[in-house]
There are 4 protein chains.
Amino acid sequence: MTHNVAILGASGYTGAELVRIIATHPSLRIAALAADRKAGQPMASVFPHLRHLDLPDLVQAGEIDYSGIDLVFAALPHGLSQALVATLPRGIRVVDLGADFRLTPDGYRTWYGADHVAPELQGEAVYGLTEFNRDAIRGARLVAGTGCNAATVQFALTPLIGSGLIDLDDIICDLKNGVSGAGRSLKETMLFAERANDVAGYSQGGRHRHLGEFDEQFSRIAGRDVRIQFTPHLVPVNRGILASCYLKGEAWAVHDALAAAYADEPFLQVLPLGELPQMAHVQGSNFCHVGVTGDRISGRTLVVSTLDNLCKGSSGQAVQNANLMLGEDESAGLMLAPLFP
Amino acid sequence: MTHNVAILGASGYTGAELVRIIATHPSLRIAALAADRKAGQPMASVFPHLRHLDLPDLVQAGEIDYSGIDLVFAALPHGLSQALVATLPRGIRVVDLGADFRLTPDGYRTWYGADHVAPELQGEAVYGLTEFNRDAIRGARLVAGTGCNAATVQFALTPLIGSGLIDLDDIICDLKNGVSGAGRSLKETMLFAERANDVAGYSQGGRHRHLGEFDEQFSRIAGRDVRIQFTPHLVPVNRGILASCYLKGEAWAVHDALAAAYADEPFLQVLPLGELPQMAHVQGSNFCHVGVTGDRISGRTLVVSTLDNLCKGSSGQAVQNANLMLGEDESAGLMLAPLFP
Amino acid sequence: MTHNVAILGASGYTGAELVRIIATHPSLRIAALAADRKAGQPMASVFPHLRHLDLPDLVQAGEIDYSGIDLVFAALPHGLSQALVATLPRGIRVVDLGADFRLTPDGYRTWYGADHVAPELQGEAVYGLTEFNRDAIRGARLVAGTGCNAATVQFALTPLIGSGLIDLDDIICDLKNGVSGAGRSLKETMLFAERANDVAGYSQGGRHRHLGEFDEQFSRIAGRDVRIQFTPHLVPVNRGILASCYLKGEAWAVHDALAAAYADEPFLQVLPLGELPQMAHVQGSNFCHVGVTGDRISGRTLVVSTLDNLCKGSSGQAVQNANLMLGEDESAGLMLAPLFP
Amino acid sequence: MTHNVAILGASGYTGAELVRIIATHPSLRIAALAADRKAGQPMASVFPHLRHLDLPDLVQAGEIDYSGIDLVFAALPHGLSQALVATLPRGIRVVDLGADFRLTPDGYRTWYGADHVAPELQGEAVYGLTEFNRDAIRGARLVAGTGCNAATVQFALTPLIGSGLIDLDDIICDLKNGVSGAGRSLKETMLFAERANDVAGYSQGGRHRHLGEFDEQFSRIAGRDVRIQFTPHLVPVNRGILASCYLKGEAWAVHDALAAAYADEPFLQVLPLGELPQMAHVQGSNFCHVGVTGDRISGRTLVVSTLDNLCKGSSGQAVQNANLMLGEDESAGLMLAPLFP
């Protein structure tokens, strides 16, 4: 059965990634593409790598005829989604890839510095970390995609948070982040000449907004406040996040817990104990590789997880959630192998 | 209908690319993977990006039971294929990705400096530039994959060679080549530290072996000797070849000829006159983008073609040919969209 | 003897490169740094790699006290220099790194689409390709730095233009250009995510403004109109231009001519016949490497030249010219070895 | 006064970096270059970026006439230096860039798995972390260069180890490493195609040999056993190490201690509290940038240090030490500004 989808924010990287995935998806059909500033242009002008596809031209989000649309992917800057989603017909399912529906009202206010304009939708939204929330996602009308960093770190830690295996008060996550997470917007620091040959930390000291997701999700699971230390670093790579998570706990027990948690997961690959994953081995795919190693210092464990921020960290996750919401096979269209080298 | 295939040389980049493509192919099944030096290892050790797949372990080519194999992909260093293919049961179809069957006996001797060990197979082999040789490929037992440079340039020039539109005695092709074309073998010049931040010409002055293919194919079409000038340059990119072909001829006529030649081709995309293609817009895909522009100097035309050397330039082309040989839809498994950014 | 210099446009890459070079120059002293939009900031905020230097804060160009300044480097967007230089005290020498004084009035109008606001200065300006214009530069008050592409190609061709050795009506120059030539301004096409893994031609068909310089310089030398064909291509490298120049002529004669022309030049290195230079071997330096090779097609010659666009192609050239204008040793401060790898 | 130096191991990256630095050094003169496997070749063949220099051809180390040599730089694989240095005339000063003299006999045995062949020299060697060992280096005959990782982390931590400001039992160092640290030797994992677009941890779990240096140096300062947790990660950059050191302590106090320790150091730049350094801002230079930030979790401090592994982490440090040993100004030849972009 074919489902018609609309993509709002189609001129950004996550919008293009949705199109890339859906291009070979067996049952999704792109019925509308919206991008306010590029409305009127053919998608092939904005993203020439998609020129072989027969796609609708870009329009304003308000110009779409939603009567034939089954599901909307909203890949918009934070703040815009909440207002727009509130205007959509109630019968349309929505997967939001932005930050607008990830947090509780308190969390949103804390990390985004504003009141939410659609608090009732905020309450209805289901947190979209698929592997840990399948049942709720299946029945949801509105699913909130996770932050890409948030996904990477949660795949490393979520099965451990309630396990009693690690010290919840001493979790340090050092991330290496490909630049596409910053999107296609113009910033001097994102110029090729500035990022090539460079590595640099940012949002240091606990200022990154994805911390809101960690705080809420980990505290909920643990039944107590959990605060992790989190520092992302930009690396000269387009796609990929690699999270090195330094824990206090026994490596073998941590490895056992992760291997058990992900034993039946199609997209989560736990490496043998002592091996570490590489960012280049997941690019272009919906897979997340997780490795665990101990240390010469007893009681220390390093968990490293890596995924493609545009795919498993955002648009792939969104399609995975859409598959569940539409009653399709969860992995439909998502078994694309990583591109290496 | 499922066809069982074996991949010989599965530990190289083109071998891994075959597996990547076949992973989501509707009717090909990998029955055997051979790599002499890595025999005994699981594929996931050699290429961890493929660890989610249920693949046979690597074996020696001689260990394969060919009785259930329908088609063999041979992705071997030149010289090895010709001996090996000669030993295969006659009923098995073969797509060779190496250089062993691309040339006539004379051409092979000239460019590879040795007599061929299987001249009868050499005679039987069909040149595998799919778009220009479909009928012969469909009925072939042995198809010779083209060189990756050879494919890129031929997509720019082949429709023009017999057209009378360009001066056949003044064709200059300047190529920019991603490094994966050099394979996974160890050379000092292929170290990251040597290639990063660098651009350098190589095989200059007419020494590159792919010239053998140009000489034979273009001369055959033209009915006279054609010799092009060809200089490849390494650029710090993993995948992709971009060929800038400087011609004497009228741009609009050249554009018309290319647009007409490729009007019905699923993988060949001709850009509007005056626009040039970009390497990043074809990576990870079987598409080839071609652009044509004139110059302020009248009578000059620049044709630029670009493709992914591992995919359309090698393994994607191989699967495209295999599809024809096996009676499947030519584009089966090959409509994967490029990965951008 | 110490000379006080001011740098206008110090917040751009060529401005920073001037500071880098002058940091270890024996007789130049930076007395003022101007950058209108960043005025008031310390240079270390704009370019943290220079934080070890004791530099004046950035000011508006109009705020500088020119009474103690011996020479001004103007590294400004085209159009701004001509107005500004006209306001400087006549006793101050000026090296302009922009496009404002490179062309004749006719050439400027043709390529920049506007009348020059300081035509008398335009007439006074000396073209700054040091190796071919030393005497005039020595006595000049105003020197016009060349385009970076213009420098690279002229080092390959200038000794050949009047030599009778090559066909002046069939010169094709295919350039591979590092991205820093586009400066620090914000363009979507200059984002890391867009340029990484990509090669793409631009300003195709004879639209690049540096053609104005070629036309004027080569025609002047030849005593007749000379028009070259010129296509630059962006490559994912920060610094460097590599020009592949396809000529009709004998390689040995061309090599002899270039070797003779540059025999006593400190910064021009001609490789043995048949060898090609690499971009990575000149980065961070004021050197230009030139290689010549013949082809299997007789009468064809490829000349490849490469230099660092920010150094020899711009700021290093500017310091070289300043050295001459101030009576210093021409290579003072410029013998920094390239940075490899 | 000019000092004659010989470089052993001149065909490696640290050898080339020594030549690059010495090329503009005011008082060092390269009298001999040795590289056993490349003996007989001109340096310009092995490193064409140095072709403008008038250098002696490469010879075997045993062929050098040491009678006129004042100081030897030994940039050799570990194990080779100890035997060779033992054969040099006693009057010659030696700066060893390898691992042979960094550790005590016990430490060497533990981390390199073999007894040292020149234990008396091992005892005589002075540890070459210049900023913390100046007096001993000044009078030394044999100075042991530090590991490049060891230098980076020690610049972040050494002033803190004996300060009482941080918990010595909970130091976690996550490093991002440019690939040139692996040298010019051939390894599949160091090919461009394998490293481009990738980030990957290595020597995980406490297996990296530079831990021997941390253990010895930090324990000596602390007067007790100190063991840090240390994980390096390869990033697709040629030069640079960026160390993110996670500490338990107060950020302002840590910042004060580092700022005080480095107040008079020419090469150590401490950023304002809360700012982090970038790898691209030290490349090509002998500078080390250090930043300190606190965290939303009280009592946590992040210290990030970055330097160029080939320069400050190896060859620049070696020249700095040689300057002290030869009675020259410590920073002679080393004030080269970083190359950005």
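Residues numbered from 1 in each chain as written. Chains lettered and ligands numbered in written order. Predicted model: local features only at pLDDT ≥ 70, side-chain atom pairs only at ≥ 80, totals over all residues. Heavy atoms only, no water.

The name given to chain A in an unreviewed UniProt entry is N-acetyl-gamma-glutamyl-phosphate reductase, and the organism recorded there is Wenxinia saemankumensis. Per UniProt, chain A has the following entry under Sequence similarities (unreviewed entry): "Belongs to the NAGSA dehydrogenase family. Type 1 subfamily." Under the heading Subcellular location (unreviewed entry), UniProt records this for chain A: "Cytoplasm". (UniProt positions renumbered as here; feature names shortened; annotations may be inferred.)

One pass over the structure, following the stated rule, counts 34 aromatic pairs over all chains. Ring geometry for Phe132(B) versus Tyr262(B): centroids 6.2 Å apart, planes at 70°, classification edge-to-face. Note that Phe132(B) is positioned in the loop between β6 (126-127) and α6 (134-138) and Tyr262(B) in the loop between α10 (251-261) and β12 (268-270), a separation of 130 residues in sequence. By relative accessible area, Phe132(B) is classed as partly exposed at 33%. Here the aromatic rings of Tyr13(C) and Phe340(D) are separated by 6.5 Å at their centres, their planes lie at 75°, and the arrangement is edge-to-face. You can see Tyr13(C) sitting in helix α1 (residues 13-22) and its partner Phe340(D) sitting in the segment after α11 (311-325), one on each of two chains. (Phe/Tyr/Trp six-rings, centres within 6.5 Å; stacked < 30°, edge-to-face > 60°. Helix = DSSP H or I, 4+ residues; strand = E, 2+ residues; numbered from the N terminus. Buried < 20%, exposed > 50% of the residue type's maximum accessible area, 1.4 Å probe, protein only.)

A sheet is described by the order of its strands in space; here seven strands give the open sequence β3-β2-β1-β4-β5-β7-β6 (chain A), paired in parallel fashion. Edge strands, defined here as strands with exactly one partner in the open sheet, are β3 (58-59) and β6 (126-127) of chain A. (Pairing = 2+ DSSP bridges.)

What follows deals with helix α9 (residues 211-222) of chain C. At 3.6 residues per turn, the α-helix brings residues three or four places apart onto the same side. All names here are of chain C. The first and last C-alpha atoms of α9 sit 16 Å apart over twelve residues, in line with the 16 Å expected at 1.5 Å per residue. α9 sits mainly inside the fold: nine of its twelve residues count as buried. Taken as a whole, α9 has its buried residues at Leu 211, Gly 212, Glu 213, Phe 214, Asp 215, Glu 216, Gln 217, Phe 218 and Ser 219. Looking at the packing, one finds that the buried side of α9 touches α4 (105-112), β6 (126-127), α7 (148-161) and β10 (229-234). (Expected span 1.5 Å × (residues − 1). Contact = heavy atoms within 4.5 Å.)

Here the focus is the domain arrangement of chain A. Residue and element names in this part refer to chain A. Domain assignment breaks chain A into domain 1 (3-146 + 312-325) and domain 2 (149-308). Domain 1 and domain 2 are separated by 24 Å when their C-alpha centres are compared. Residue-level contacts link 24 residues of domain 1 with 32 residues of domain 2. Each partner contributes to the roughly 2,300 Å² buried at the junction of domain 1 and domain 2, and carbon and sulfur atoms together form 53% of this total. Looking at the side of domain 1 facing domain 2, the largest losses of area belong to Tyr 13, Trp 111 and Lys 312, adding up to 32% of the total buried there. If you look at where domain 1 meets domain 2, you find three salt bridges. Across the salt bridge formed by Glu 265 and Arg 134, the nearest N and O atoms sit 2.6 Å from each other. If you look at where domain 1 meets domain 2, you find twelve residue pairs in polar contact (both at pLDDT 80 or more). Elements with a contribution of two residues or more to the side of domain 1 that touches domain 2: α1 (13-23), α4 (105-112) and α11 (311-325). Here the element with the most residues in the side of domain 1 that touches domain 2 is α11; it accounts for five residues. (Domains from an automatic or database assignment. Buried area = accessible area lost by both parts, 1.4 Å probe. Salt bridge = Lys/Arg side-chain N within 4 Å of Asp/Glu carboxyl O. Polar contact = N/O pair within 3.5 Å; in protein donor to acceptor, adjacent residues only side chain to side chain.)

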